[in-house]
Amino acid sequence: MSRKFCVGGNWKMNGDKKAISEICKNLSGAKLNENTEVILGCPFVYISYVREIFPSNFHIAGQNCYKIAKGAFTGEISPAMLKDVGANWVILGHSERRHVFNESDELIAEKAAHALDEGLSVIACIGEKLDEREAQKTEQVVACQMAAYAKTIKDWSKVVVAYEPVWAIGTGKTATPDQAQDVHAFLRKWLTENVSKEVSDTLRIQYGGSVTAANCKELAAKPDIDGFLVGGASLKPEFIDIINAKQ
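Here is what the cut-offs are and how they apply
- Residues numbered from 1 in each chain as written.
- Predicted model: local features only at pLDDT ≥ 70, side-chain atom pairs only at ≥ 80, totals over all residues.
- Heavy atoms only, no water.
- 1 Å grid on protein atoms, 1.4 Å probe; cavity = no way out; pocket = protein on both sides within 12 Å on 5 of 7 lines; lining within 4 Å.
- Points joined across faces, edges and corners; volume = space filled by probe spheres on them.
- Nonpolar A, V, L, I, M, F, W, Y, C, P; charged D, E, K, R; others polar.
- Helix = DSSP H or I, 4+ residues; strand = E, 2+ residues; numbered from the N terminus.
- Buried < 20%, exposed > 50% of the residue type's maximum accessible area, 1.4 Å probe, protein only.
- Contact = heavy atoms within 4.5 Å.
- Polar contact = N/O pair within 3.5 Å; in protein donor to acceptor, adjacent residues only side chain to side chain.
- Pairing = 2+ DSSP bridges.
- Axes fitted to C-alpha atoms, helices over the stretch in contact; angles between N-to-C directions.
- Parallel < 35°, antiparallel > 145°, perpendicular 65-115°, else oblique.
- Left-handed = near helix turned anticlockwise from the far one by under 90°.
- Phe/Tyr/Trp six-rings, centres within 6.5 Å; stacked < 30°, edge-to-face > 60°.
- Lys NZ or Arg CZ within 6 Å of the ring centre and 35° of its normal.

1. Quick word on the layout of surface pockets
Okay, step 1: The computed volume of the largest pocket comes to approximately 460 Å³.
Okay, step 2: Around the largest pocket, the lining comprises 19 residues; the ones closest to its centre are Met-13, Gln-63, Asn-64, Arg-97 and Phe-101.
Okay, step 3: Estimated volume of the second largest pocket: approximately 220 Å³.
Okay, step 4: Along its surface, the second largest pocket is lined by 18 residues, and Gly-170, Ser-210, Gly-231, Gly-232 and Ala-233 are the ones closest to its centre.
Okay, step 5: Of the residues in the lining of the second largest pocket, the class split is six nonpolar, eight polar and four charged.

2. Quick word on the environment of Lys-111
Okay, step 1: Along the chain, Lys-111 turns up in helix H5 (residues 105-117).
Okay, step 2: Taking the relative accessible area as the measure of exposure, Lys-111 reaches 1% and is therefore buried.
Okay, step 3: When residues no more than four places from it in sequence are discounted, the contact partners of Lys-111 are Asn-64, Cys-65, Tyr-66, Lys-67, Leu-92 and Glu-103.

3. Structural notes on the side chain of Asp-226
Okay, step 1: Within the secondary structure, Asp-226 sits in the loop between helix H10 (216-220) and strand S8 (227-230).
Okay, step 2: There is a polar contact of 3.0 Å between the side chain of Asp-226 and the side chain of Arg-3.
Okay, step 3: Aside from chain neighbours lying at most four places away, what touches Asp-226 is Arg-3, Lys-4, Phe-5, Cys-6, Arg-188, Leu-203, Arg-204 and Ile-205.

4. A closer look at the pairing of strand S4 (residues 89-92)
Okay, step 1: Taking every second residue as pointing to the same face, both faces of S4 are buried, with Trp-89 and Ile-91 on one and Val-90 and Leu-92 on the other.
Okay, step 2: The pairing of strand S3 (residues 58-62) with S4 spans two bridges and is classified as parallel. Paired with Gly-62 across the bridge in S4 is Val-90.
Okay, step 3: Of the strand pairs in this sheet, S4 and strand S5 (residues 121-126) are connected by four bridges, and their pairing is parallel. Paired with Trp-89 across the two strands is Ser-121, which belongs to S5.

5. Considerations on the packing of helix H7 (residues 138-152) against helix H8 (residues 177-194)
Okay, step 1: Put simply, H7 and H8 touch, their axes get as near as 11 Å, and they point 45 degrees apart. Classified by the interaxial angle, the pair formed by H7 and H8 is oblique. Remark: the crossing between H7 and H8 carries right-handed chirality. Facing Thr-138, Glu-139, Val-142, Ala-143, Met-146, Ala-147 and Ala-150 of H7, the residues of H8 in contact are Val-183, Phe-186, Leu-187, Trp-190 and Leu-191.
Okay, step 2: In the contact of H7 with H8, the residues fall into ten nonpolar, one polar and one charged.

6. Points about the packing of aromatic side chains
Okay, step 1: Applying the stated rule across the entire model yields five aromatic pairs.
Okay, step 2: Between Trp-11 and Phe-54, the aromatic rings sit 6.4 Å apart at their centres with planes inclined by 45 degrees, giving tilted as the arrangement. A residue pair is termed long-range when its members are at least 10 positions apart, and Trp-11 in the loop between strand S1 (5-10) and helix H1 (17-28) and Phe-54 in the loop between helix H2 (47-53) and S3 qualify at 43 residues. Of the two residues examined, Trp-11 and Phe-54, each falls in the buried class.
Okay, step 3: Relative to Phe-73, the ring of Tyr-66 has its centre 5.0 Å away and its plane inclined at 45 degrees; by these criteria the two rings are tilted.
Okay, step 4: Classification of Phe-73 by relative accessible area gives partly exposed; the value is 33%.
Okay, step 5: One cation-aromatic arrangement involves Lys-17 over Tyr-49; the distance from NZ or CZ to the ring centre is 5.1 Å.

Okay, structure coming up:
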């Protein structure tokens, strides 16, 4: 089953117009693998600017959204608003939303369902913390997170799952290619048993967690790794090498 490689850059709470224009110059001028889909997750306030200056082959993602179209939710952003300013993707369930802002599996799943209903594509994040990994609970944790998504998501065709072990995000630690492959293979098995064989075969599963130019090719060679969700490295020139990991 051929799944199109998909690389997301999650800029998090970083950047200004000057830095973003430099990133645009680097990426737009580079020779990028045409068979890799590229999604840029930028801060809300810069989405219009990013959509304006980047070529159309770059997809733009919000880094979060709420589960309701509009209303008295001060500080929140709806999927309709993201679309209105040029985004066509949204990142949901990132570990920072779960563990810094205490978002529950259920809330994240509700947000994913609403975003899909509104026409956005979704990068749905999952992943275990270090104590959970050390307690041999990785499969249990990611299965619970996937089960929440599966309760609300009816059509998986516009979903990419990003497996990000929390202990590897921004720490310099990376799951070994074999560790990452093991979890991705488990996720496909879980999808076969709990959603469908078709979704298991076609759903793209990204790896995230200290992906760099140095380790991306070995990770990309694994059969169940279909791309990356990249944090800090997406702000640097090496992001080009990560996008081209399958070349």
